[in-house]
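# Secondary and tertiary structure notes
In case you want the letters, here they are:
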Amino acid sequence: MHRRNFLSSSLAASVLSLTSADDLTAQSPTSSAKAVPEYYDLRRYQLVSGPGVKLTDNYLSNALIPALNRIGIGPVGAFSVYFGPETPAYYLLMPSSKLETLVTADLQVARDETFMKAAAPFWDAPAGSPPYIRIESSLLRAFEGYPRITPPSSAATKEKRIYQLRQYQSPTNMDHVRKVDMFNNGEFAIFTKAGATGVFYADTLVGPKLPNLTYMLSFPDMTALEADWEKFIADPDWKKLSADPKFKLDPPIISNITSLVLRPLPYSQV
């Protein structure tokens, strides 16, 4: 049997049986054996420099995020692009344990009189001068081994911090499953050892460029980001995991990587 086909069969059997709850959840300090993975709505607001940016800030901080909290969505992360293409752009991370709550959030907040009053300048902006160019949204589901969003401790005290948002695209669905399995078999712990705070790790269920996974790491600053990645790459456990014949294939199981550096907006809860 062809090596890739053999590995596909054996890995699929392993993943479809969900490995073992104890094996998966042991990788994350934030998880428990009975934790149900969260869902995330990851939104991108493409803005234009000018008054629309302030209007969007006011909308997110005074209208949308408080309304989302009232229906049980939170903590909500709000970020601007620090290093990345097409700026200015904002990202909004909306977590919920209930899929129905997440996918009906816009309808629910529209019935909230407090929200509608605070949102009016943004929602009622003239079509000829909208506060944004376009809003894009992806629906994600947290990995079994890292089922909950984990804000860094610095988020609570509003200390200086940055975030790295990474997306791994795979050439096939089976390669995507392999990469997810790689995270669940030790990659979380290696990031933790290196000093990086894992905020979330998730499958993209609905969105562009499928199949892919998305995850977010937090660091105090760019110096720490670079140093922690060097530690990660040099870690013996990473070298062993990445050399495992299940994951080291030709062509590789990742075909493209997108990486952005984000800064939290003042009203971010993450």
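Below, the structure is looked at part by part.

## What to know about the overall build of the protein
Counting secondary structure elements, the protein contains ten helices and eight strands. Once local pairs closer than 6 in sequence are excluded, the contacts in the protein between residues at least 24 apart make up 80%. Surface exposure of the protein reaches about 13,100 Å², of which carbon and sulfur atoms provide 56%.

## Regarding the sheet that holds strand S2 (residues 77-83)
Across a sheet, paired strands are connected by hydrogen bonds in the backbone, their directions being either parallel or antiparallel. Taking strand neighbours around the barrel as the criterion, the eight strands line up as S1-S3-S2-S8-S5-S7-S6-S4 in a closed arrangement whose pairing is antiparallel. Pairwise comparison of adjacent strand axes, ignoring direction, gives a mean angle of 35° for this sheet. Where strand S6 (residues 197-206) meets strand S7 (residues 212-219), six bridges bridge the pair, whose relative direction is antiparallel. Directly across from Ala 202, in S7, lies its bridge partner Thr 214. Sheet strands touched by helix H8 (residues 173-194): strand S5 (162-169), S6 and S7. Its angle to S7, the strand with the most contacts, is close to 15°.

## Topic: the packing of aromatic side chains
Tallied over the full model, the rule gives 24 aromatic pairs. Between Phe 183 and Tyr 201, the aromatic rings sit 5.5 Å apart at their centres with planes inclined by 55°, giving tilted as the arrangement. In this pair, Phe 183 sits in helix H8 while Tyr 201 sits in strand S6, placing the two residues 18 residues apart along the sequence. As far as the burial class goes, Phe 183 and Tyr 201 line up, both buried.

## Digging into the pattern of salt bridges
By the definition in use, this model includes nine salt bridges. A salt bridge links Arg 141 to Glu 144, with the nearest nitrogen and oxygen atoms 3.3 Å apart. Under the relative-accessibility criterion, Arg 141 is labelled partly exposed at 25%. On the basis of relative accessible area, Glu 144 is assigned to the partly exposed category, the value being 25%. Residue Asp 235 is joined to Lys 193 by a salt bridge in which the shortest nitrogen-to-oxygen separation is 3.1 Å. Taken together, the positions of Asp 235 in the loop between helix H9 (222-234) and helix H10 (236-242) and Lys 193 in helix H8 put the pair 42 residues apart, joining distant regions of the chain. Taking the relative accessible area as the measure of exposure, Asp 235 reaches 11% and is therefore buried. Each of the salt bridges in this network shares a partner with another, and the network as a whole consists of Asp 41, Arg 43 and Asp 106.

## Quick notes on the environment of Phe 200
Here Phe 200 shows up in strand S6. The sequence separation of Phe 200 and Tyr 40 amounts to 160 residues, and the corresponding C-alpha distance is 9.4 Å. When neighbours within four sequence positions are excluded, Phe 200 is seen to be in contact with Tyr 40, Leu 93, Leu 140, Leu 165, Thr 214, Tyr 215 and Met 216.

## Re the packing of H8 against H9
At a minimum axis separation of 8 Å, H8 and H9 run at an interaxial angle of 130°. Here H8 lies oblique to H9, going by the angle between them. The way H8 lies across H9 gives a crossing that is right-handed. Across the interface between the two elements, Glu 187, Ile 190, Phe 191 and Ala 194 of H8 pack against Asp 228, Trp 229, Lys 231 and Phe 232 of H9.

## Concerning the packing of helix H3 (residues 51-70) against helix H6 (residues 113-123)
Axis separation between H3 and H6 bottoms out at 9 Å; the angle between their running directions is 155°. Between H3 and H6, the angle falls in the class roughly antiparallel. Crossing handedness for the pair H3 and H6: left-handed. Along its contact with H3, which presents Leu 55, Thr 56, Tyr 59, Asn 62, Ala 63, Leu 64, Ala 67 and Arg 70, the element H6 presents Thr 114, Phe 115, Ala 118, Ala 119, Pro 121, Phe 122 and Trp 123. Here the residues of the contact of H3 with H6 are counted per class, giving eleven nonpolar, three polar and one charged.

## Regarding the pairing of strand S8 (residues 256-264)
Across four bridges, the pairing between S2 and S8 is antiparallel. Looking across to S8, one finds that Phe 79 is bridged to Pro 264. Alignment of S5 against S8, held across seven bridges, turns out to be antiparallel. For Arg 166, the partnering residue across the bridge sits in S8 and is Ser 259.

Reading the values: the criteria
- Residues numbered from 1 in each chain as written.
- Predicted model: local features only at pLDDT ≥ 70, side-chain atom pairs only at ≥ 80, totals over all residues.
- Heavy atoms only, no water.
- Helix = DSSP H or I, 4+ residues; strand = E, 2+ residues; numbered from the N terminus.
- Contact = heavy atoms within 4.5 Å.
- Areas by Shrake-Rupley, 256 points an atom, 1.4 Å probe, with all protein chains shown as cover.
- Pairing = 2+ DSSP bridges.
- Axes fitted to C-alpha atoms, helices over the stretch in contact; angles between N-to-C directions.
- Phe/Tyr/Trp six-rings, centres within 6.5 Å; stacked < 30°, edge-to-face > 60°.
- Buried < 20%, exposed > 50% of the residue type's maximum accessible area, 1.4 Å probe, protein only.
- Salt bridge = Lys/Arg side-chain N within 4 Å of Asp/Glu carboxyl O.
- Parallel < 35°, antiparallel > 145°, perpendicular 65-115°, else oblique.
- Left-handed = near helix turned anticlockwise from the far one by under 90°.
- Nonpolar A, V, L, I, M, F, W, Y, C, P; charged D, E, K, R; others polar.

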